[in-house]
Amino acid sequence: MLKVIPISKGIQLAANELSNIEVILEDGGCNGKDALTAYKKLTQVDKVSAIITVCSPELLAIAPEAEQDHILVISPSATAPSITNAGDHVFRLAPSDALQGEVAADLILEEGYESVGVIYVNHDYGAGLNEVLEDELGSIVVASESFEQESSDMRTQLTKLKSKNIDVLYVVGFPKDAALILKQKIELGINVPVIMAEAAKDTEILAYADESVTITVPLAEGDSYESFKVKYTAKFGEAPKIYSGEAYDTMNVVGLAAQANPQDLIAGMEMVPEYDGAAGYITFDQDGDISKPYSLFTVENHKFVTLN
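Parameters and conventions
Residues numbered from 1 in each chain as written. Predicted model: local features only at pLDDT ≥ 70, side-chain atom pairs only at ≥ 80, totals over all residues. Heavy atoms only, no water. Pairing = 2+ DSSP bridges. Helix = DSSP H or I, 4+ residues; strand = E, 2+ residues; numbered from the N terminus. Axes fitted to C-alpha atoms, helices over the stretch in contact; angles between N-to-C directions. Buried < 20%, exposed > 50% of the residue type's maximum accessible area, 1.4 Å probe, protein only. Expected span 1.5 Å × (residues − 1). Bend = angle between axes of the 7 residues up to and from the residue. Contact = heavy atoms within 4.5 Å. Arc of directions from axis to C-beta. Polar contact = N/O pair within 3.5 Å; in protein donor to acceptor, adjacent residues only side chain to side chain.

(A) Summary view of the sheet that holds strand β5 (residues 141-147). The mixed open sheet is built from 7 strands, whose spatial order is β5-β4-β6-β7-β8-β11-β12. Strands at the two margins of the open sheet, each flanked by one partner only, are β5 and β12 (303-306). In this sheet, neighbouring strand axes are inclined to one another by 25 degrees on average, regardless of whether the strands run parallel or antiparallel. Pairing of strand β6 (residues 168-172) with strand β7 (residues 194-196), which is carried by 3 bridges, proceeds in the parallel orientation.

(B) Quick peek at the pairing of strand β2 (residues 72-75). Neither face of β2 is exposed, since Leu 72 and Ile 74 on one face and Val 73 and Ser 75 on the opposite face are all buried. Across 3 bridges, strand β1 (residues 50-52) lies against β2 in parallel orientation. Its bridge partner lying in β2, Ala 50 is registered against Leu 72. In this sheet, strand β3 (residues 90-92) lies alongside β2 in parallel orientation, the contact comprising 3 bridges.

(C) Quick look at helix α3 (residues 56-69). Helix length check: α3, at 14 residues, gives a terminal C-alpha distance of 20 Å against a target of 20 Å (1.5 Å per residue), a fit within 8%. Maximal helix bending in α3 amounts to about 40 degrees, located at Ala 63; proline Pro 64 follows within four positions. Those residues of α3 that fall on the buried side of the exposure criterion are Ser 56, Pro 57, Glu 58, Leu 59, Ile 62, Ala 63 and Ala 66. Summarising the contacts, the buried residues of α3 are in contact with α2 (32-44), β1, β2, β3 and α5 (124-137). Among the residues trailing α3, His 70 stands out with phi positive, at a value near 55 degrees.

(D) Representation of the pairing of strand β8 (residues 213-218). Of all the 6 residues making up β8, 6 are buried; the element is thus mostly covered by neighbouring parts of the structure. The side-chain alternation of β8 yields two buried faces, one formed by Val 213, Ile 215 and Val 217 and the other by Thr 214, Thr 216 and Pro 218. Taken together, the 3 bridges between β7 and β8 define a ladder with parallel strand orientation. Each bridged residue has a counterpart across the sheet, and for Val 194 the counterpart in β8 is Val 213. Bridge analysis of β8 against strand β11 (residues 294-300) gives 4 bridges, and the strand direction is antiparallel. Counted as the bridge partner of Ile 215 is Phe 297 from β11.

(E) How the structure looks around the sheet that holds β2. Here we have 3 strands laid out as an open sheet, ordered β1-β2-β3, and parallel in their pairing. Since the sheet does not close on itself, it has two edges, and those belong to β1 and β3, each with one partner. Strand-to-strand twist of the sheet, defined as the mean angle between neighbouring strand axes without regard to direction, takes the value 20 degrees. On top of the sheet, helix α9 (residues 244-260) reaches β1 and β2; it is set at about 155 degrees to β2, its chief contact.

(F) Structural detail: α2. Relative to the 18 Å expected for 13 residues at 1.5 Å per residue, α2 spans 18 Å between its end C-alpha atoms, a close match to the ideal helical length. Among the residues of α2, Ala 35, Ala 38, Tyr 39, Leu 42 and Thr 43 are the ones counted as buried. Projected down its long axis, α2 carries its buried residues within an arc of 120 degrees, all on one side. Opposite the buried face of α2, by more than 90 degrees, sit the exposed residues Lys 33, Thr 37 and Gln 44. The inward-facing, buried residues of α2 abut β1 and α3. Taking the backbone nitrogen of Lys 33 as reference, a side-chain oxygen 3.2 Å away marks Asn 31 as the first, capping residue of α2.

Structure, rendered in C-alpha cells:
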C-alpha cells in the first residue's frame with residue numbers, strides 16, 4: 001500500500017488548487033530499484049510529463065532515463081550534492097547538501113569539537129553528507145559508520161564510534177532511524193552532543209532528544225507560510241512537517257511551467273527562474289539548484305525550538 005507522507009500531502013494540497021494538473025502517486029521506496037519501477041509505470045502507462053521525487057536515490061536513479069525521455073524531474077527534498085550534475089531536466093527546491101555540510105562543519109568548528117564521529121544512512125543522501133563533512137573537516141572526523149535504512153539495531157556502529165572517544169556525533173538519517181540512534185546512544189552511555197541533518201527533524205525523535213541535540217534545517221517559512229499552514233492543517237488535521245511547504249511549492253512551480261509551455265515542461269521551467277512560495281523565496285541557478293540559509297533547532301521539553 002502506498003505510504004502517504006507529509007510531502008505527498010503538500011503536493012496534493014497544491015494540486016487541488018490547480019486546474020491543469022493531475023497527480024498520480026507511486027512509491028519509490030527511497031531507493032533506486034523501486035524508483036525505476038515506479039518511473040516506468042508512470043511514463044509508459046500513465047504518460048506523465050513530470051516526475052516529483054522525494055529522496056536523492058530515487059532522483060539519481062531515474063534522471064538518466066528521464067533525460068532520454070525528455071521528462072521533467074523535480075524534487076522538494078532531494079539534497080545529495082551529485083544531483084547538481086544530474087542533467088538540465090532536473091530541478092530541486094531544497095538546497096544541496098554541499099551547503100548543509102558546510103553549515104554543520106562551521107558549527108563543529110565554532111563549538112571547538114576536535115573528534116567527530118559520523119553515522120549515516122547508506123545511500124546517496126547519507127553518503128553525500130558524510131563526504132562533504134570529511135572534505136570540510138579532514139582529520140577531525142575520526143570515524144564514519146553507515147547503516148541500512150530502517151535498521152533494527154545501531155549498537156555495533158555506535159559502539160565503534162564510542163571507542164574512538166568522539167566528542168560530538170553527527171547523524172544523517174530519517175526519523176525512524178534517527179530516533180533509534182538517539183535511543184541506543186543513551187543506552188550505550190555515549191554522552192556527547194549530537195548534530196543532525198534536516199531529515200531527522202520529526203516528532204518521532206522527541207522522546208529521545210534534548211538540548212544536546214542540534215538539527216540543521218534549510219529556511220522553510222516564507223511570507224505566505226502561515227496561510228499555507230492554515231490550509232494544510234484544515235485539510236489533514238495536523239501541522240505541516242519538514243518539506244511540506246517545499247512540496248506545496250514544487251507542485252505550484254510545475255503548474256507554472258505547464259502554463260508557460262504545456263507541450264514542454266522542461267522548457268517551461270526555464271521560464272520560471274524564481275518563485276515566492278510557502279517555504280520562502282527561491283531562485284534557480286543554471287544547474288536547477290537553489291541556495292537558502294539554514295536554521296538551527298534543538299529540543300526543549302519535548303518540543304523543537306530555534307537557536308537562531
